[in-house]
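One letter stands for each residue in the lines below.
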Amino acid sequence: MKIQLLVDNKGSWIIPYAKELLTKLQQLGHKVSLIHKHDEVESGDILCLLACEKKFSNLVLNTHNLVVHESDLPRGKGWSPVTWQILEGKNRIPVTLFEATESIDSGVIYDQEYMELTGQELLPEIKHIQGIVTNDLIVRFVNAYPNVSAREQKGEESFYAKRTAKDSALDIQKNLAEQFNMLRVCDNERYPAYFWINKKKYIIKIYSEENE
């Protein structure tokens, strides 16, 4: 099969996992390419949209357009579902493989797996688990194809909002234990945690001792 892996410029964290996926699918005998621009997508069998923040619209080019979204669809559509669920206190996060459609996060579901967290992982560790589960779902789909089953999304839908730098603000009236989940999901480089005192902004970056 001809398989394309699309990672746009906002999904740089997943590139190492996309390269691993490319190698694994090539070893299974498929023609696989890794691309970074939407206009580079060609006609083929499967297009995998990996951590793409920009909507891909030319869905007719490929027989299947696969998306992985970390929520129990149709609940948790939208942006940064892993981050929002960790902030909700969840450690078991569903990861759903589904078909992209014109309507965001609304296509038929093929498969589902779970990210199992301990509640202590920081963002790099969280992303590592996310990358592994993403690859597992896609390889499983490819290995089963064309004998794959699909089910429609059912239930009441909900949406997560897009996060910005303002969402990394800490509350100086709360202790660190109360805000540990916030610290866990902050990106030390792009969106570090911060707080204000006397009209001055202070940045906090967090690392576990094992990563030093």
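Located above this text is the structure these notes cover.
This text gives an overview of the structure that appears in the document. Just so we're clear, the structure is a prediction, and the values are computed from it rather than from any experiment. (Residues numbered from 1 in each chain as written. Predicted model: local features only at pLDDT ≥ 70, side-chain atom pairs only at ≥ 80, totals over all residues. Heavy atoms only, no water.)

Packed helices, taken two at a time, are described by the angle their axes make and the gap between the axes. Look at helix α1 (residues 15-27) against helix α3 (residues 123-144): their axes get within 10 Å of each other, and the N-to-C directions meet at 25 degrees. By the criterion of interaxial angle, the relationship of α1 to α3 is roughly parallel. Crossing handedness for the pair α1 and α3: right-handed. Residue-level inspection shows Tyr17, Glu20, Leu21, Lys24 and Leu25 of α1 in contact with α3, the latter providing Lys127, His128, Gly131, Ile132, Asn135, Ile138, Val139 and Val142. Of the residues belonging to the contact of α1 with α3, the class tally is 7 nonpolar, 3 polar and 3 charged. (Axes fitted to C-alpha atoms, helices over the stretch in contact; angles between N-to-C directions. Helix = DSSP H or I, 4+ residues; strand = E, 2+ residues; numbered from the N terminus. Parallel < 35°, antiparallel > 145°, perpendicular 65-115°, else oblique. Left-handed = near helix turned anticlockwise from the far one by under 90°. Contact = heavy atoms within 4.5 Å. Nonpolar A, V, L, I, M, F, W, Y, C, P; charged D, E, K, R; others polar.)

Further remarks concern the sheet that holds strand β4 (residues 62-69). Strands sit in the order β2-β1-β3-β4-β6-β7 across an open sheet of 6 strands; the sheet is mixed. The open sheet has two free edges, formed respectively by β2 (31-35) and β7 (109-116), since each of these has just one partner strand. Strand-to-strand twist of the sheet, defined as the mean angle between neighbouring strand axes without regard to direction, takes the value 20 degrees. Against the sheet, α1 contacts β1 (2-6) and β2, and its axis sits at roughly 165 degrees relative to β2. (Pairing = 2+ DSSP bridges.)

Applying the stated criterion to the full structure yields 10 salt bridges. Across the pair Asp72 and Arg75 runs a salt bridge, and its minimum N-O distance is 3.2 Å. Among the residues examined, Asp72 registers a relative accessible area of 28% and is labelled partly exposed. Owing to a relative accessible area of 36%, Arg75 belongs among the partly exposed residues under this scheme. As a salt-bridge pair, Arg92 and Glu116 come within 2.7 Å of each other at their nearest N and O atoms. One end of the pair, Arg92, is in strand β6 (residues 92-99); the other, Glu116, is in strand β7, and 24 residues separate them in sequence. Take Arg92: its relative accessible area is 48%, and that puts it in the partly exposed class. Among the residues examined, Glu116 registers a relative accessible area of 46% and is labelled partly exposed. (Salt bridge = Lys/Arg side-chain N within 4 Å of Asp/Glu carboxyl O. Buried < 20%, exposed > 50% of the residue type's maximum accessible area, 1.4 Å probe, protein only.)

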